[in-house]
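# Structural overview
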Amino acid sequence: MLLHDATCRACGPGLASRAPAKEGPMESTSEPHLSVRPILPVHVVGIAATEFVTEHDAMLDELVFDVVYRALREAGLRKQDLGLSVSASMDVLDGRSISSGLTNAASGGYLSDAFRVEGDAGVAIVSAAEAIASGDVEVAVAVGVHNPETTGDAMRRGRFLEQVSNLAFDPHFDRPVGLTANTAYGLHAARVLAVSRMRAEGFAALAASEISRSAGLDRSVRRRGATAQDVLDSVPVAWPLHELMLPAHSAGAVAVVLASPARAGRCVGRDAKLTGLGHSTGGYTWTGEWLADPGAATRRATRAALATSGASARDVALAEVSAPTPHLHQPLVDALGIDANVTVNPSGGMRSNFPGLANGGLRLLEVVERIGELPSGSIALSHSLDTITGGVAEDATVIAVEAA
């Protein structure tokens with residue numbers, strides 16, 4: 001059994017995890033070409049999510065077991081069919097060291113190959129898909145779980161997440177005082193207002209549109225529509241950001257069961273396939289990239305995803321974009337290379353629901369449930385970010401999805 005824990009960002013990772021462009025197996029930062037080839041498609045044969053609430057009473061392993069069991073059952077598979085389990089969680093949020101020791105068996109990793117990433121579930125999905133595309137395994141599951149080990153009202157939980165965010169900034173080479181994810185997003189938003197012609201009311205209207213669009217959807221945690229004035233009247237967080245401009249935090253878990261084309265042909269369940277995978281990490285605080293070019297990591301991940309899918313941005317008809325603030329919406333859409341005809345965030349995006357480290361799984365779920373509505377030959381993009389340090393050193397994943 002292979003067990004692995006990535007460097008704990010909340011405890012202060014070293015230089016290696018803060019490289020300006022951390023390259024994964026499917027990525028290169030060379031401009032303008034990528035030395036990658038199309039991959040064999042990886043099929044989504046099962047996917048399940050818990051209810052998304054402010055806080056779950058269940059233990060982490062109970063949440064993981066629930067979604068993995070239901071995703072496997074949807075595909076007509078059993079635990080014995082799994083060749084690899086990849087989990088996404090974070091020790092400091094889980095409230096215990098090596099917390100994957102609790103969830104490993106629940107994810108099907110007992111007496112099998114398994115590892116954990118301390119980051120967004122999008123990275124776990126890419127890792128599991130790459131194992132299948134390389135021929136190492138035929139069936140794999142990627143699961144993200146987010147249920148921070150703290151109790152109390154939303155304000156108290158928010159303060160806890162902000163404290164964790166501050167600790168995650170690099171303590172060895174860059175020790176910013178008071179910097180958190182929300183502060184970093186506020187600094188970026190303030191810069192946008194200073195250098196562009198956009199006014200705060202325009203960004204508030206964009207946030208209100210996403211909230212209202214998703215108000216009647218089952219997985220939305222903001223159940224009431226909003227106006228631009230409602231957004232501006234909500235609690236100030238970090239100027240010029242207000243509460244309703246920021247992600248709608250929730251807790252929950254998502255499991256994605258993936259299979260090779262040959263194995264998928266013997267499964268029941270979903271009819272989507274992953275044809276392109278991309279992952280990239282941003283740079284240090286002092287480079288200024290997170291202020292001047294916040295879509296850089298997403299752009300690199302998109303190039304890799306499209307290159308490995310053999311498609312182009314012109315083929316994209318739908319995108320689920322993880323924009324933590326409305327001020328980041330257009331930079332990230334531009335980084336994906338999509339035009340105005342593409343349907344973006346029919347789910348409402350992060351303004352509708354943001355289950356922390358499980359976000360990558362949720363964004364893929366939203367895409368998979370709508371993939372059948374697209375014209376033949378179209379692809380959809382699932383985009384997710386690790387927001388623990390805001391736009392600084394963020395993990396960006398982009399996954400190209402087609403109907404099977």
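The rules we used
- Residues numbered from 1 in each chain as written.
- Predicted model: local features only at pLDDT ≥ 70, side-chain atom pairs only at ≥ 80, totals over all residues.
- Heavy atoms only, no water.
- Buried < 20%, exposed > 50% of the residue type's maximum accessible area, 1.4 Å probe, protein only.
- Helix = DSSP H or I, 4+ residues; strand = E, 2+ residues; numbered from the N terminus.
- Pairing = 2+ DSSP bridges.
- Salt bridge = Lys/Arg side-chain N within 4 Å of Asp/Glu carboxyl O.
- pLDDT = per-residue confidence, 0-100.
- Contact = heavy atoms within 4.5 Å.
- Polar contact = N/O pair within 3.5 Å; in protein donor to acceptor, adjacent residues only side chain to side chain.
- Expected span 1.5 Å × (residues − 1).
- Phe/Tyr/Trp six-rings, centres within 6.5 Å; stacked < 30°, edge-to-face > 60°.

The next thing to look at is the pairing of strand E11 (residues 379-385). Extensive coverage of E11 is indicated by the burial of seven of its seven residues. Neither face of E11 is left uncovered, since the one carrying Ile379, Leu381, His383 and Leu385 and the one carrying Ala380, Ser382 and Ser384 both have all their residues buried. Note: strand E9 (residues 316-320) against E11, four bridges, orientation parallel. Note on E11: the bridge partner recorded for Val316 is Ile379. One ladder, built from six bridges, connects E11 with strand E12 (residues 395-403); its direction is antiparallel. Counted as the bridge partner of Ala380 is Val401 from E12.

Evaluated as defined, the whole model comprises 14 salt bridges. One salt bridge in this structure joins Arg157 and Glu55, with 3.8 Å as the shortest N-O distance. A residue pair is termed long-range when its members are at least 10 positions apart, and Arg157 in helix H5 (residues 154-168) and Glu55 in the loop between strand E1 (42-49) and helix H1 (60-75) qualify at 102 residues. Residue classification places Glu55 among the partly exposed positions, given a relative accessible area of 31%. A single network of salt bridges, built from pairs that share partners, joins Arg219, Glu366, Glu369 and Arg370.

This brings us to the confidence of the model for the protein chain. Residue-level pLDDT values for the protein chain average 89, and 90% of them are 70 or greater. Every residue in residues 1-32 scores below 50 in pLDDT, and together they form 94 contacts with partners more than four places removed in sequence or on other chains.

Our next topic: unusual backbone geometry. For the bond from Trp239 to Pro240, the omega torsion is 5 degrees, close enough to zero to count as cis. Looking at where Pro240 falls in the secondary structure, it is placed in the loop between strand E5 (236-238) and strand E6 (241-242). Phi at Ile98 is positive, roughly 45 degrees, even though this residue is not glycine. In this structure, Ile98 sits in the loop between helix H2 (91-94) and helix H3 (100-103). One non-glycine residue with positive phi stands out, namely Ala393, at about 50 degrees. Considering the arrangement of structural elements, one finds Ala393 in the loop between E11 and E12.

For Ser322, the location among the structural elements is in the loop between E9 and helix H12 (326-336). Polar side-chain contacts of Ser322 include one of 3.0 Å to the side chain of Asn359. Within the local environment of Ser322, its side chain forms a polar contact with the backbone oxygen of His383, the two atoms lying 2.7 Å apart. Beyond its immediate chain neighbours, meaning those up to four positions away, Ser322 contacts Leu332, Met350, Asn359, Arg363, His383, Ser384 and Leu385.

With 15 residues, helix H6 (residues 181-195) ought to run about 21 Å at 1.5 Å a step, and its terminal C-alpha atoms sit 21 Å apart, in line with that. Among the residues making up H6, those that are buried are Ala181, Ala184, Tyr185, Gly186, His188, Ala189, Val192 and Leu193. Of the surrounding elements, those touching the buried residues of H6 are H5, helix H7 (200-214), E5, E6, helix H10 (289-292) and H12.

With that settled, consider the packing of aromatic side chains. Applying the stated criterion across every chain yields a total of two aromatic pairs. Seen in terms of ring centroids, Phe65 and Tyr69 are 6.0 Å apart; in terms of plane orientation they differ by 10 degrees. Their pairing is stacked. Of the two residues, Phe65 and Tyr69 both sit in helix H1, four residues apart, roughly one turn of that helix. Judged by centre distance (4.5 Å) and plane angle (15 degrees), the rings of Tyr284 and Trp286 are stacked. Taking relative accessible area as the criterion, Trp286 reaches 52% and is therefore assigned exposed.

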